[in-house]
Amino acid sequence: MNHLKSSPTVSKSIHLKSLLAVVSVAVVSAGVAVPKPIESAVQCQVEWPAFIARHDMIWDALPDDFDYGAFLGNGMLGATIYQDGPSRLRVEMGRADVTEHRRDNARLPIGGLVLTTSGKILSGTMRLDLWNAEVRGDLTTDQGSVSFHCFIHATKMVMVAAMETAGSEAAAWSWEARPCVDRTPGRFAGDPPNPPHRLETDGGVAVCVQARAAGGEFATAWTEVPNPNPRFHILALSIADSFPGDSAKQTAVKTVRKAAELLSPGGFHAFQKSHRDWWHAFYPKNFVSIPDPKLESFYWIQWYKLASASRPDSVPVDLLGPWFRSTGWPRIWWNLNIETLYLPVYTGNRLDLGESFINFIDRKRDNFFRNGKEIWKFDDCATVPHTTDYEGLRGDGDCAPASYINPGDFTWALHNYYLHYRFTMDHSLVTDQKRHAFYPLLRGSINLYLKLLKIGDDGKLHLPVFHSPEYGDDADNNYNLGLLRWGCRTLLDLNQRYHLNDPLVATWEQTLKDLVPYPVDANGLRIGATIPFTQSHRHWSHILMVHPLHIMTADNPADRELLNKSVLHWLTTDGSRGINGWSRAAAASLYATLGNGENALKQIHGHLADSRFVRPNTMYIEGSPVIECSIVLNRSLQDMLLQSWGDKINIFPAIPAAWKDAVFHDLRAQGAFLVSANRKDGATEWIRIKSLAGEPCRLQAAFASEPKLRVNGETVALKPAVNGVYDLPLGKDDEALLFTGEQPAPVVKPLPTAPELCNPFGLRRVDKSGGK
């Protein structure tokens, strides 16, 4: 069934909302009491500071490498803390929008704040306090000790670094700039190097100014806040960027000066509280607890990481996030990376963390159409090369060679935008096409395919040779066939729901009718028409129609055997030597989609155990940082707990037998539903669903006996399930509670964890593997 076609029309919905608004005003004016909002049936009894503390990362010894450090961020500024010398603790700084502004417009190094001790560091420890988003640590030197404390303010472009010395230790902060060298220095004739940085002072504020040969500048400003205690030092630091103008210095100095005023004696705690308040509001938006301490900790650390990397008004998150170190991937990659990074925000009910991507797509609409013209020579087509700068453009092509370019990468990215729409049911994302670019860009993306399709001797429409990410080039490759099918179906669904009357409707319908089937063989889905899957391959591009597109599913018995065979063949061919950690995250979601919780969990554990790439601080390094490759594991876990695709919501669809208990609260489903559920002693105890948009609600869940239903606290007759799916009578803002036995008093609280299994990440002397 088509989940869009079954929904009420927008015009009726808008009319009803307007009518209700008028009635509400009239009722209030008449002095009649307005009904109170319906109280949720679920009580959330989570002691948040204590719960999040059991996931804090702890370093029993100081890390001596960036890749193993403690990290802070606010969506734009980033800091990584590690020891880089016998008497040095480095706070390496990054800013997500500091780029070359020429050629490929790649990210640039900035520098670091260095704490230099007067004595040799003998030992040290650190703790990343996730609840407060702060790092605290202690250093012991041969002259005394230093306690330090750092945080990047959640909403201000300021990092605060404090330290207190003891004994004869006389540690001091200093700034150490990195050479501002482009990614490919000297490669292009006529490109002058960036000038050297300048150190200046401005009214007691120190500032390091770095001009760019391409124009503009970035600047780091810092100052020590006066304090009556000579052993206690507080430093405020800010980084600003400007292009093409030269206002970065002025902005950084102004920001630091204002911060110093707020941090002056008596003001530190208020400044700190305003930072903490943001984080204390962030975590409780939803809740997950499972009987796997290591995985549970990994899950919550990824939310901290993504919240440190993304804000609605910031740039889209690239492979580095706001942090920086030398990298082979200094821009946005579209053939997997940007899509997988944002995948957890939808079911995870953290949609604000996905808005940096949505806003980027809207702002750069014209550039995506420009790409269609420059790369393919077609008008009215939208696309990207497989990597772009932060304007959505190719640059000089050094980072985006022609051999990797194919239409599917951008279509896949627009699937993320579609998910944002489906999980919010914000109709304006489709209908307000001046403000939001989704529909015009999806139409332009599919236009590119339509111009490239050819009719074969078999009468079917065929795609020319395109790249299948990280495998090879082939005609009719399944990566692009899957994305083309999804795009045509989605455009048709949107036209039917919103009465868009697009003149291309008949073309999309005919394309779906005439498009060549997916190439398959005895081992399952092939790469394409002429290339079988015969060698280890870390990218699941040829199975994309299963996850995350969900247009080929195990609900169809004819496809189930093919899908199981395809996933198994992908994971076991050639000894699976090319299967990396992030491949296992995708495999976990694929298995969860097939309802196989045992193998889903096996793949997740394989990801966590892949020490080739997953560092003890959960950062993912494949020679260079690729932060999305750990973050996407959150989606894998979500897929075991809650799935919503097609026209139904599936609760606990892939739970392994070992998980007798599990609980989640306020995860989100397509159609804009908030969902909570509790599993106890191997059975689903209760499910609560709140409708935020009044969409049709079809629920698939396995209960030990026939469930009972209450809606808004009142008992309602529950229609028998059809093929295991219940139709729930929910309007906008209604809340349903399904349960077996006597009506429970649903309570959400963490599953117990033995103290010795808490805090498994950081740099621990004792293995805290959670029993794995």
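As a convention, each chain's residues are numbered from 1 in the sequence order in which they are written. At least 70 in pLDDT is required for a residue's local features to be given in this predicted model, at least 80 for side-chain atom pairs to be given and counted, and no such filter applies to totals for whole chains, interfaces and linings, which use all residues. To obtain the side-chain values, all non-hydrogen atoms of the structure were included, while hydrogens and water were left out.

Draft legend 1. Structural context of the overall build of the protein chain. Helix and strand content of the protein chain: 19 helices and 38 strands. Radius of gyration: C-alpha atoms only; globule rule: 2.2 Å multiplied by the number of residues to the exponent 0.38. Since a compact globule built from 772 residues should have a radius of gyration of about 28 Å, the 27 Å found for the protein chain is in line with a globular shape. Dimensions of the protein chain, computed from C-alpha atoms along their principal axes, come out at roughly 75 × 70 × 65 Å. Each residue is assigned to one of three classes by its accessible area relative to the maximum for its type, calculated with a 1.4 Å probe on protein chains only: buried under 20%, partly exposed between the two thresholds, exposed over 50%. Going through the 772 residues of the protein chain one by one, you find that 61% of them count as buried. Of all intrachain contacts in the protein chain linking residues separated by at least 6 positions in sequence, the fraction that spans at least 24 positions is 67%. Areas reported here follow the Shrake-Rupley algorithm with a probe of radius 1.4 Å; residue values treat only the protein chains shown as occluding. Surface accessibility of the protein chain: about 28600 Å² in total, with carbon and sulfur atoms responsible for 53%. Between the centroid of the 79 positive side chains of the protein chain and the centroid of its 83 negative side chains there is a distance of 2 Å. A run of H or I in DSSP becomes a helix once it reaches four residues, and a run of E becomes a strand once it reaches two; helices and strands are each numbered from the N terminus. Here a residue-residue contact requires only that any non-hydrogen atoms of the pair lie within 4.5 Å. Counted as positive: Lys and Arg. Counted as negative: Asp and Glu. His and the chain ends are not counted at all. The atoms used to mark charge sites are NZ of Lys, CZ of Arg, CG of Asp and CD of Glu.

Draft legend 2. Spatial organisation of the sheet that holds strand β5 (residues 88–95). Reading across from one edge, β3-β4-β5-β6-β11 is the order of the five strands in this open sheet, with antiparallel pairing throughout. A single partner strand is all that each edge strand has here, and the edge strands are β3 (70–73) and β11 (172–177). The mean angle between the axes of side-by-side strands here comes to 25 degrees, regardless of whether they run parallel or antiparallel. A strand pair is defined by DSSP finding two or more bridges across the two strands. Of the pairings in the sheet, the one linking β5 to strand β6 (residues 111–116) comprises six bridges and is antiparallel in character. Within the sheet, the bridge partner assigned to Glu92 lies in β6 and is Gly112. A fitted line through C-alpha atoms serves as each axis, taken over the contacting stretch for helices, and the angle formed by two N-to-C directions is quoted from 0 to 180°.

Draft legend 3. Geometry of the packing of helix α16 (residues 581–593) against helix α19 (residues 633–641). Between α16 and α19, whose axes approach to 8 Å, the crossing angle comes to 15 degrees. Comparing the axis directions of α16 and α19 gives the class roughly parallel. Note on packing geometry: the crossing formed by α16 with α19 is left-handed. Residues Ala585, Ala588, Ser589 and Ala592 of α16 form the contact with α19, whose participating residues are Leu633, Arg635, Ser636, Asp639 and Met640. Classifying every residue of the contact of α16 with α19 gives five nonpolar, two polar and two charged. Here roughly perpendicular refers to angles of 65 to 115 degrees, roughly parallel to angles under 35, roughly antiparallel to angles over 145, and oblique to all remaining angles. Should the near helix be turned counterclockwise from the far one by less than a right angle, the crossing is left-handed, whereas a clockwise turn marks it as right-handed. As a working rule, the residues Ala, Val, Leu, Ile, Met, Phe, Trp, Tyr, Cys and Pro are called nonpolar, Asp, Glu, Lys and Arg charged, and the rest polar, with Gly in that last group.

Draft legend 4. Structural context of the packing of aromatic side chains. Within 6.5 Å between ring centres, the rings of Phe, Tyr and Trp (the latter by its six-membered ring) count as paired, and their orientation is classed by plane angle as stacked under 30 degrees, edge-to-face over 60, tilted in between. For the structure on display, the rule yields 41 aromatic pairs. Arranged with centres 6.0 Å apart and planes meeting at 85 degrees, the rings of Trp48 and Phe51 form a pair that is edge-to-face. One end of the pair is Trp48 and the other is Phe51, both in helix α2 (residues 48–53) and three residues apart, which spans about a single turn. Ring geometry for Phe151 against Phe271: centres 6.4 Å apart, planes inclined by 40 degrees, an arrangement best described as tilted. Here Phe271 lies in helix α4 (residues 268–282) and Phe151 lies in strand β9 (residues 144–152), a separation of 120 residues in the sequence. The class of Phe151 is buried, set by a relative accessible area of 0%. For Arg311, the ring lying beneath its charged end belongs to Trp278, and the centroid distance is 3.8 Å. Each ring is checked for a lysine NZ or an arginine CZ that lies within 6 Å of its centre and within 35 degrees of its normal; such an atom marks a charge sitting over the ring. A cation over a ring is seen here: Arg350 above Phe282, with NZ or CZ 4.3 Å from the ring centre.

Draft legend 5. Layout of helix α17 (residues 597–608). For a helix, the expected span equals 1.5 Å multiplied by the number of residues minus one. Between its first and last C-alpha, α17 extends 17 Å over 12 residues, near the 16 Å set by a 1.5 Å rise per residue. Within the span of α17, buried status applies to Gly597, Ala600, Leu601, Gln603, Ile604, His605, His607 and Leu608. Lining the buried residues of α17 we find α5 (293–309), α15 (557–572), α16, α18 (628–631) and α19. Its side-chain oxygen placed 3.4 Å from the backbone nitrogen of Glu598, Asn596 serves as the N-cap of α17. We define a polar contact as two N or O atoms separated by no more than 3.5 Å, with the added condition that, inside protein, one atom must be a possible hydrogen donor and the other a possible acceptor, whereas residues neighbouring each other in sequence contribute only through side-chain atom pairs.

Draft legend 6. Region of the structure containing helix α8 (residues 355–363). For α8, the set of buried residues is Ser356, Phe357, Ile358, Phe360, Ile361 and Asp362. Against β17 (332–333), α6 (337–342), α9 (365–376), α10 (408–424) and α12 (438–452) lie the buried residues of α8.

That's the geometry; what it means functionally is another story.
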